[in-house]
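Architecture and fold: a report
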Amino acid sequence: MTDDYLSRIGNLIRDARKHRGWTQTQLADVLGTSQSAVNRIEKGHQNLTLEMLARIGEALDSEIVSLGGGPVHLRVVGGRQLSGSIDVKSSKNAGVALLCASLLNKGRTTLRKVARIEEVNRLLEVLNSIGVKTTWLNDAGDLEIIPPEHLNLSAMDADAARRTRSIIMFLGPLLHREDTFQLPYAGGCDLGTRTVEPHMAALRPFGLDIKATGGEYHALVNRAITPGKPIVLTERGDTVTENAIMAAARYDGVTVIRNASSNYMVQDLCFYLDLLGVKIDGVGTTTLTVHGQPDIDVDVEYAPSEDPIEAMSLLTAAIVTGSEITIRRAPVEFLEIELALLEEMGLDYSRSEEYLAENGRTRLVDLTTRPSTLHAPIDKIHPMPFPGLNIDNLPFFAVIAASATGQTLIHDWVYENRAIYLTDLNKLGGRVKLLDPHRVMVEGPTHWSGAEIMCPPALRPAVVTLIAMMAAKGTSVLRSVYVINRGYEDLATRLNSLGAQIETFRDI
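Residues numbered from 1 in each chain as written. Predicted model: local features only at pLDDT ≥ 70, side-chain atom pairs only at ≥ 80, totals over all residues. Heavy atoms only, no water.

- As annotated in an unreviewed UniProt entry, the chain carries the name UDP-N-acetylglucosamine 1-carboxyvinyltransferase and comes from Kribbella alba.
- UniProt annotates the chain under Pathway (unreviewed entry) with the comment "Cell wall biogenesis; peptidoglycan biosynthesis."
- The record in UniProt for the chain states the following under Function (unreviewed entry): "Cell wall formation. Adds enolpyruvyl to UDP-N-acetylglucosamine." (UniProt positions renumbered as here; feature names shortened; annotations may be inferred.)

1. Thoughts on the confidence of the model for the chain
- Confidence in the prediction for the chain averages 90 pLDDT; 94% of positions are at 70 or higher.
- Confidence drops under pLDDT 50 across residues 188–194; counting only partners more than four residues distant or on other chains, this segment forms 33 contacts. (pLDDT = per-residue confidence, 0-100. Contact = heavy atoms within 4.5 Å.)

2. Here's the deal with the sheet that holds strand E18 (residues 406–411)
- In spatial order, the strands read E18-E20-E19; together these three strands make up an open sheet with antiparallel pairing. Only two strands of the sheet have a single partner each, and these edge strands are E18 and strand E19 (431–436). Strand-to-strand twist of the sheet, defined as the mean angle between neighbouring strand axes without regard to direction, takes the value 20°.
- Of the pairings in the sheet, the one linking E18 to strand E20 (residues 439–444) comprises six bridges and is antiparallel in character. Residue pairing in the sheet places Gly406 in a bridge with Gly444 of E20. (Pairing = 2+ DSSP bridges. Helix = DSSP H or I, 4+ residues; strand = E, 2+ residues; numbered from the N terminus. Axes fitted to C-alpha atoms, helices over the stretch in contact; angles between N-to-C directions.)

3. Quick word on the packing of helix H12 (residues 308–320) against helix H13 (residues 336–345)
- Across the interface, H12 lies against H13 with an axial gap of 12 Å and an inter-helix angle of 15°. Classed by the angle they form, the pair H12 and H13 counts as roughly parallel. Our pair here, H12 against H13, has a crossing hand that is right-handed. For the pair H12 and H13, the contacting residues are Met312, Leu315 and Ile319 in the first and Glu338, Leu339 and Leu342 in the second. (Parallel < 35°, antiparallel > 145°, perpendicular 65-115°, else oblique. Left-handed = near helix turned anticlockwise from the far one by under 90°.)

4. Side note on the sheet that holds strand E4 (residues 133–136)
- Ordered by their spatial adjacency, four strands build an open sheet running E4-E5-E3-E13, and the pairing between neighbours is mixed. In the strand order of this sheet, the two ends are held by E4 and strand E13 (300–302), each with one partner. Strand-to-strand twist in this sheet, taken as the mean axis angle between neighbours without regard to direction, amounts to 15°.
- Pairing geometry for strand E3 (residues 109–111) and strand E5 (residues 143–146), over three bridges, is antiparallel. Each bridged residue has a counterpart across the sheet, and for Thr110 the counterpart in E5 is Glu144.
- Where helix H11 (residues 264–275) meets the sheet, it contacts E3 and E13, and its direction lies at approximately 155° from that of E13.

Printed below as a string of structure tokens:
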């Protein structure tokens, strides 16, 4: 490698390490080398093998190198108004939950219009490795899933499993199929330490005991233990609720789950299970009553609903670039608080009459935005469990607030350090002050200017940075965008169809 390439690789590694919040010593410990060696690598003074680059990339969960020729970057020419119409794709979070839930069914599951994203790809790699046959049926994203009679969990692709947080949702389905099993620690976005204890508390009533050692969850199922009273979730989390529902789905009896999430992906899971013969009362509320079916063998087709977070992403891009576009098939039930807040801030938009998604349940509308002069909201912006402002939509309000006049306090109380990544907007001309790991103060309006930035390792802040680049004068570069591809399908190409100018490139 040339000295220039070594320096550029060193800069990528340094930025990825800092985004993960590690010191050089911490990275050295993971790699089994010295702090001084890491220091030389980051300064471009150390020759590197492809094996070492791959190890560093795995340690930092950053695509430092790949078989495709290096990490993928985005070059953005900003300051362009958008126009036209775009359809919202199916929900990422519903898709991954349904992939996990397919393990409950002995029959064939066909999912319609599944988002072809990296998070789905990692789960498919895990499913394939344990014997599940998965087939993409067409370019529309229809996916066929056929489980084997017996899963080969010992052959699980641990590398793929560690690159997704969704692997934690294997616990609910597997406890009905295996007496003992192991799962690698859940990975995915770097959002701080999120305890798995709520999952354990939700699943213990079904006899599941978990020991977390050696980078794995070691599970033991005691089938003599069954729910004797309603399960009260200590955290109204989406994946916690989904795990509890999937455990209850094949329990031979009735399970009441209280303090359940009623969010969009939970509802999609319930609608799918209904097709499998599992009756669930209270869908859309915080109390679910699941009438379990111990044996499920059904050939079924289901179309997950559209993604409210992607809809919010497109809405934010339109607002920040001062554009008039139409966002079709937006799941309005899961955007009503966000839209009400944007109306308060001065957004001018219209919506169509409501119509139903392909699942026959979820309410959709078409939203048309118009250039608007925004002002800061009267109160702080903070997320709440559904039907409150969606936790995943909160980061988008940072770039929206930066485009509005006045000061906006944003309180991200759920994650330990996601708010920190919002300060990347300062590199593009924003005025975002970090008050503590959970709160930022945003001052607007902002005169955005181009910059080169390492992509944050958390999905939504990464897209927020990309959207700010679309509004910025000049050319910006967002480096190593694997995390965006985890949650969005062809986002750059689809934004380009509206008039954005975003180029995908590799430089190593």
